[in-house]
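Residue-level listing of the chains:
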Amino acid sequence: MSLLDATASQLLDAIAARKSSAVSVATAFLNQIAAHDARIGAFLHVDREGALKQAAQVDEKLRARQPLGKLAGLPIAIKDVVCTRGLPTTCGSRSLQKFVPPYDAELIRRLRAADAVILGKTNMDEFAMGSSTENSAFQITRNPWDTERTPGGSSGGSAAAVAAALAPLAIGSDTGGSIRQPAAFCGVVGMKPTYGRVSRYGLVAFASSLDQLGPFASDVAGAAALLEVIAGHDPRDSTSVDRPVPDYRRSLERPLSPLRIGLASEHFAEGLDAEVAASVQRAADVYRSFGADIVDVTLPHSKYGVAAYYLIAPSEAASNLARYDGVHYGHRAEKFDGLIDMYATSRGEAFGPEVKRRIMLGNYALSAGYYDAYYLKALKVRRLIRQDFDRAFEKCDVLLSPVAPTPAFKVGELVDDPLAMYLSDIYTLSANLAGLPGISLPGGQSSSGLPIGIQLLGPPFAEETLLRAARMFERETPWHTKRPAMAVAP
Amino acid sequence: MTARLTRDDVAKVALLGRLKLSAEELERMTSQLGRVLEYVDILNEVDTQSVEPLAHPIELANVFREDVERPCLSREEALANAPKTDGRFFVVPAILDVNH
């Protein structure tokens, strides 16, 4: 078994059984990054020294027969939106180019406590605003399956890192699909947990009522192992929910029976690529072959999701990003005329075009005279979208749908057409509006050899059901075993 | 619900948002935001008269914690990322005009 081809679970077993040292595992991935990341651009910072030090500590614990954490020795890549003490955290933005957090996010604290090995920080659309990772101030990330294409976004660096075997596990954040869509584009598993399942303490805020952190892995078991560690209550995030975290890995191999899979006609809308639609239908057939009931459901307000989302998310972003004033941290202009101009010039220099658009859109939607017509209206539609899901989940256990309307699009294809880029989030962002968990997993391949993802959505806190349902599909299909040519060890 | 977005509207919001935009950015922003606002008009199709807004997916009541002292960042750590400090405070330009 090559270390790079191994799943997270295989690596965990190999380290625990002392067949491979944590240092040799970390070294294999660090070397893969050094050899291949110049072509992909997944990482913004690689912490070789820190990773090897953490790995050596794991090996030392093993030698001393000390108790080990649940992710002992597993290398992991972290989206650069999560605060890491002493390691740069840029959010892909010029405004935070020099920012080094003085504290760890709760998620990082949990990963360290679980003895995971942090490889470095991954590229992203600036402040997680985008669907292609082209909006980073520093570099674009390319899709390991076809470097002319984007890896999706905003967590494109993390998804590409797992796809290219630069890391067995990665962390992303998902505000409107930013874990699930890049997972689909890169042919890996990505999960957005229920809102409140994972602490947002130390996650740099984009839209606080929508943001949620979640796992990437090459298979469902890896995602389950990582979710188990990062989920749980944190008093420092008042929206984190105090309920027990199931042992996701233990139940994973138990098929769900009976199982009702919902299909919504609204998820097969105009603009959906025929090969993507066919993959979802074939996935329904796979579930049917297990004896699952395929149930037709309806989500009548889903066609308003993009419009509601692109008022709510920018409104929250406009408020959250007001903190980048060039006083406490972040970029400050060299030349300005008085205090107000210092703010405006610093922010004008520090933010890229998409972040500026969202700040403008949000401030417009919140401004006097437009608040009722835009922001409040969007919040009311948000409730109707949530009610649609509540009704659908009376009839089914999970919803099966596409992740994105197409496989990975080309670099530069949508970047100058914001509305078209926004519309590509149509199948993912409703879950954020409603706070629901969703998982994206490899479900097919296009005729041109690009991965196609399928999505399962569930009611709040149904992560265990989603993982088990995803595993049922994975066990019977070959898609998760496909790797881009560049990731295959020589 | 929308009157057509003008360049002046965009300039006003940019000022309120403390965001300096070049003339070219202002132009492009006016047309791009205009298209997005036209699109979001489809929300008008939805009757929301008797619908309560949903601001948050889990509608939690206030979450309280004990009001006790806990460790916090040292002054040095808190100032470490600041663009300008005197070692004790964040340094900002004068807020009040001394001539008035």
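All figures in this text were calculated on a predicted structure; none of them were measured in a lab.

Caption draft 1: Expanded view of the overall build of chain A. A count of helical and extended segments in chain A gives 16 helices and 11 strands. Here the C-alpha atoms of chain A give a radius of gyration of 21 Å, agreeing with the 23 Å that 2.2 N^0.38 yields for 490 residues. The principal-axis extent of the C-alpha atoms belonging to chain A is close to 65 × 55 × 45 Å. Sorting the 490 residues of chain A into buried and exposed places 62% on the buried side. Restricting the contact set of chain A to residue pairs at least 6 apart, pairs at least 24 apart contribute 76%.

Caption draft 2: Representation of the sheet that holds strand 1 (residues 43-46) of chain A in the model. Residues and elements named next belong to chain A. If you trace the 11 strands from one edge of the open sheet to the other, you get 1-3-2-4-6-5-10-11-9-7-8, paired in mixed fashion. One side of each edge strand has no neighbouring strand; the edge strands of this open sheet are strand 1 and strand 8 (293-297). Within the sheet, the average angular offset between the axes of one strand and its neighbour, ignoring direction, is 30°. As paired strands, strand 4 (residues 169-174) and strand 6 (residues 212-217) are joined by 6 bridges and run antiparallel to one another.

Caption draft 3: Spotlight on the interface of chain A and chain B. On the chain B side, the residues contacting the 55 residues of chain A number 43 residues. Those elements that provide at least two residues to the side of chain A that touches chain B are helix 10 (305-320), helix 11 (339-350), helix 12 (353-366), helix 13 (371-395) and helix 14 (418-423) of chain A. The leading source of residues in the side of chain A that touches chain B is helix 13 of chain A, at 12 residues. Within the side of chain A that touches chain B, the residues separate by chemical class into 33 nonpolar, 13 polar and 9 charged.

Caption draft 4: View of the environment of Ser-2 of chain A. Residue and element names in this part refer to chain A. Topologically, Ser-2 is positioned in the segment before helix 1 (8-16). Judged by local crowding, Ser-2 falls into the exposed class, with 10 C-beta atoms found within 10 Å. Between the C-alpha atoms of Ser-2 and Gln-54, which are 52 residues apart in sequence, the distance is 22 Å.

Caption draft 5: Local environment of the packing of helix 7 (residues 220-230) of chain A against helix 16 (residues 463-476) of chain A. All names here are of chain A. Two numbers describe how helix 7 lies on helix 16: the axes approach to 9 Å, and their chain directions differ by 160°. Put simply, helix 7 runs roughly antiparallel to helix 16. In the packing of helix 7 onto helix 16, the handedness of the crossing is left-handed. Touching Val-220, Ala-223, Ala-224 and Leu-227 of helix 7 are Glu-463, Leu-467, Ala-470, Arg-471 and Glu-474, all from helix 16. Partitioned by chemical class, the residues of the contact of helix 7 with helix 16 number 6 nonpolar, no polar and 3 charged.

What counts as what
Residues numbered from 1 in each chain as written. Chains lettered and ligands numbered in written order. Predicted model: local features only at pLDDT ≥ 70, side-chain atom pairs only at ≥ 80, totals over all residues. Helix = DSSP H or I, 4+ residues; strand = E, 2+ residues; numbered from the N terminus. Rg over C-alpha atoms; globule rule 2.2 N^0.38 Å. Buried ≥ 20, exposed ≤ 12 C-beta atoms within 10 Å, placed from the backbone. Contact = placed C-beta atoms within 7 Å. Pairing = 2+ DSSP bridges. Axes fitted to C-alpha atoms, helices over the stretch in contact; angles between N-to-C directions. Nonpolar A, V, L, I, M, F, W, Y, C, P; charged D, E, K, R; others polar. Parallel < 35°, antiparallel > 145°, perpendicular 65-115°, else oblique. Left-handed = near helix turned anticlockwise from the far one by under 90°.

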